[in-house]
Amino acid sequence: MTDLLAVRPAEDCRWDCVALGEVMLRLDPGEGRIRTARSFQVWEGGGEYNVARGLRKTFGMRTSVVTALPRNEIGALAEDLILQGGVDTSHILWREADGVGRNTRMGLNFTERGFGVRGALGASDRANSAASQMRPDEVDWDALFGGEGVRWLHTGGIFAALSETTAETTLAAIRAARRHGVVVSHDLNYRASLWSSHPDPDAARRVNREIAELSDVLVGDEYAWESCLGLGGHVARTDPADAAPFDALVARAAADLPNVKVFAATLRDPVSASVNRWGAVLWTGGKRHAARLREIAVLDRVGGGDGFVSGMAWAFLQGLGPQTAVDFGAAHGALAMTTPGDNAMTSLAEVEALVQDRGAAAIR
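The following paragraphs examine the structure supplied in this document.

Thresholds applied
- Residues numbered from 1 in each chain as written.
- Predicted model: local features only at pLDDT ≥ 70, side-chain atom pairs only at ≥ 80, totals over all residues.
- Heavy atoms only, no water.
- Helix = DSSP H or I, 4+ residues; strand = E, 2+ residues; numbered from the N terminus.
- Rg over C-alpha atoms; globule rule 2.2 N^0.38 Å.
- Buried < 20%, exposed > 50% of the residue type's maximum accessible area, 1.4 Å probe, protein only.
- Contact = heavy atoms within 4.5 Å.
- Areas by Shrake-Rupley, 256 points an atom, 1.4 Å probe, with all protein chains shown as cover.
- Lys, Arg positive; Asp, Glu negative; His and termini not counted.
- Charge placed at Lys NZ, Arg CZ, Asp CG, Glu CD.
- Pairing = 2+ DSSP bridges.
- Core = buried A, V, L, I, M, F, W, Y, C linked by side-chain atoms within 4.5 Å.
- Salt bridge = Lys/Arg side-chain N within 4 Å of Asp/Glu carboxyl O.

Let's talk about the overall build of the protein
Next up, step 1: Helix and strand counts for the protein stand at twelve helices and 14 strands.
Next up, step 2: Here the C-alpha atoms of the protein give a radius of gyration of 19 Å, agreeing with the 21 Å that 2.2 N^0.38 yields for 364 residues.
Next up, step 3: If you line up the protein on its principal axes, its C-alpha atoms span 50 × 50 × 45 Å.
Next up, step 4: When burial is assessed residue by residue, the protein has 55% of its 364 residues classed as buried.
Next up, step 5: Long-range contacts, defined here as pairs at least 24 residues apart, represent 70% of the contacts in the protein between residues at least 6 apart.
Next up, step 6: When the accessible surface of the protein is totalled, it reaches about 15,100 Å², and 50% of it is carbon and sulfur.
Next up, step 7: Taking the average place of the 38 positive charges on the side chains of the protein and the average place of its 46 negative ones, the gap between the two points comes to 3 Å.

Next comes the structure, spelled out in structure tokens:
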């Protein structure tokens with residue numbers, strides 16, 4: 001099972017993983033509320049980028065991001081944060097900004113962490129962002145995937161939903177990646193608020209279906225599969241953390257999407273905003289592999305799913321097989337939710353300790 005995804009050798013490639021997606025500035029009021037905040041802490045984040053950042057900072061892999069930023073002080077701040085995350089910035093497309101934001105701007109994401117009975121809350125301000133204007137012909141995909149060499153491409157449904165051109169850009173990147181033997185993962189990451197304003201009312205299903213048919217690894221829960229792929233109707237879960245009802249749905253999806261080698265999902269049962277039952281599962285070759293369910297204390301839920309994908313991708317890139325992939329993905333996602341911001345502030349040693357149930361005793 002270690003060659004399940006036929007990953008290219010590391011010595012033949014400059015990059016272990018490239019992420020394609022929008023990078024936003026996240027404005028975090030800490031323990032407070034957006035509506036009453038007088039100060040915010042700033043982080044960078046984005047569903048696709050977070051995977052590349054996790055692979056770099058936690059797992060020490062070589063990663064880059066393909067995105068677009070405005071050429072102004074706000075874009076420079078985003079670039080600086082990306083550099084602090086260790087992710088390469090050589091594939092950023094820079095947009096000349098008019099000083100007002102009419103032609104292009106930086107996407108903003110205001111996010112409350114939630115506490116107890118008060119759930120987490122996100123409010124995005126991203127219209128006309130630089131990344132939403134990306135076009136498929138702006139990147140030399142063959143030079144990136146073939147000339148430089150890439151082992152894994154990760155993208156997602158959030159970027160594909162930003163505009164008609166970002167959907168086209170996603171498909172162009174994936175087709176080029178497949179020509180060069182790059183593993184492609186796609187996180188459906190369905191957001192109804194993004195697709196509801198799309199000029200094509202059937203775009204979510206049409207676009208994500210086309211992307212899924214070209215992907216090697218597909219991430220998403222039953223809600224995303226129903227909304228984006230039309231593969232629902234087989235899941236009736238009374239327990240949100242129970243993976244067993246997924247089996248019939250995945251069997252149907254596997255027959256319908258023969259190119260997909262791995263289906264994966266996180267399992268989350270929010271006891272409260274501060275305590276979640278958390279786990280993950282993946283299916284490959286007709287077999288389900290699950291990580292042990294844990295009840296975890298949550299400081300900041302955003303990025304848990306992205307942390308799962310980066311841990312899973314690392315294990316497959318290392319040739320460690322599906323059970324290790326789901327275990328390390330679930331552990332990394334759990335740790336990502338114990339720190340503020342979208343991304344984990346952890347080490348591979350801490351992820352390994354959680355996988356091995358070595359506990360949370362103080363280290364001195």
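Picking up after the structure, the text goes on.
Overview of the pairing of strand β11 (residues 262–270)
Next up, step 1: Within β11, seven of the nine residues are buried, which leaves it mostly tucked inside the rest of the structure.
Next up, step 2: With three bridges joining them, strand β10 (residues 217–219) and β11 adopt parallel strand pairing. Bridging across to β11, L218 finds its partner in F263.
Next up, step 3: Pairing of β11 with strand β12 (residues 275–284) involves eight bridges; the strand directions are antiparallel. Residue pairing for β12: A264 is matched across the bridge by L282.

Some remarks on the nonpolar core
Side chains that are nonpolar tend, in soluble globular proteins, to be buried together.
Next up, step 1: L55, W152, V217, L282, M312 and F316 are the most contacted members of the largest nonpolar core, which totals 35 residues.
Next up, step 2: Counting residues per element, the ones that place at least two in this core are α1 (49–57), β10, β11, β12, α10 (304–317) and α11 (322–336).
Next up, step 3: Per element, the largest residue contribution to this core is eight residues, and it comes from α10.
Next up, step 4: What F316 contacts, discounting residues up to four positions off in sequence, is L4, L5, V7, W152, V262, L282, G321, P322 and A325.
Next up, step 5: Of all hydrophobic cores here, the second largest spans 33 residues; its members include V150, A160, V184 and I211.

As for the environment of G47
Next up, step 1: With respect to the helices and strands, G47 occurs in the loop between β3 (41–45) and α1.
Next up, step 2: The exposure class assigned to G47 is buried, which follows from its relative accessible area of 14%.
Next up, step 3: Each C-alpha atom, one on G47 and one on V355, is 24 Å from the other, the two residues being 308 residues apart in sequence.
Next up, step 4: Every residue in contact with G47, bar those within four places of it in the chain, is listed here: H154, N189 and D306.

Here we look at the pattern of salt bridges
Next up, step 1: Under the defined criterion, the tally for this structure stands at 26 salt bridges.
Next up, step 2: Across the pair D16 and R62 runs a salt bridge, and its minimum N-O distance is 3.0 Å. Taken together, the residues D16 in strand β1 (residues 15–20) and R62 in the loop between α1 and β4 (63–71) connect sequence positions 46 residues apart.
Next up, step 3: Look at D16 and you get buried, because its relative accessible area is 5%.
Next up, step 4: Classification of R62 by relative accessible area gives partly exposed; the value is 32%.
Next up, step 5: A salt bridge links R126 to E22; the shortest N-O distance between them is 2.8 Å. Here R126, found in the loop between β7 (121–125) and α3 (141–149), pairs with E22, found in the loop between β1 and β2 (24–28); they are 104 residues apart in sequence, far enough to count as distant.

Some words on helix α8 (residues 222–229)
Because the α-helix completes a turn every 3.6 residues, residues three or four places apart line up on one side.
Next up, step 1: Along α8, the residues that are buried comprise A224, W225, S227, C228 and L229.
Next up, step 2: Buried-residue contacts for α8 involve α7 (203–214), β10, α9 (246–256), β11 and β12.
Next up, step 3: In the segment just after α8, G230 is the residue with positive phi, at about 70°.

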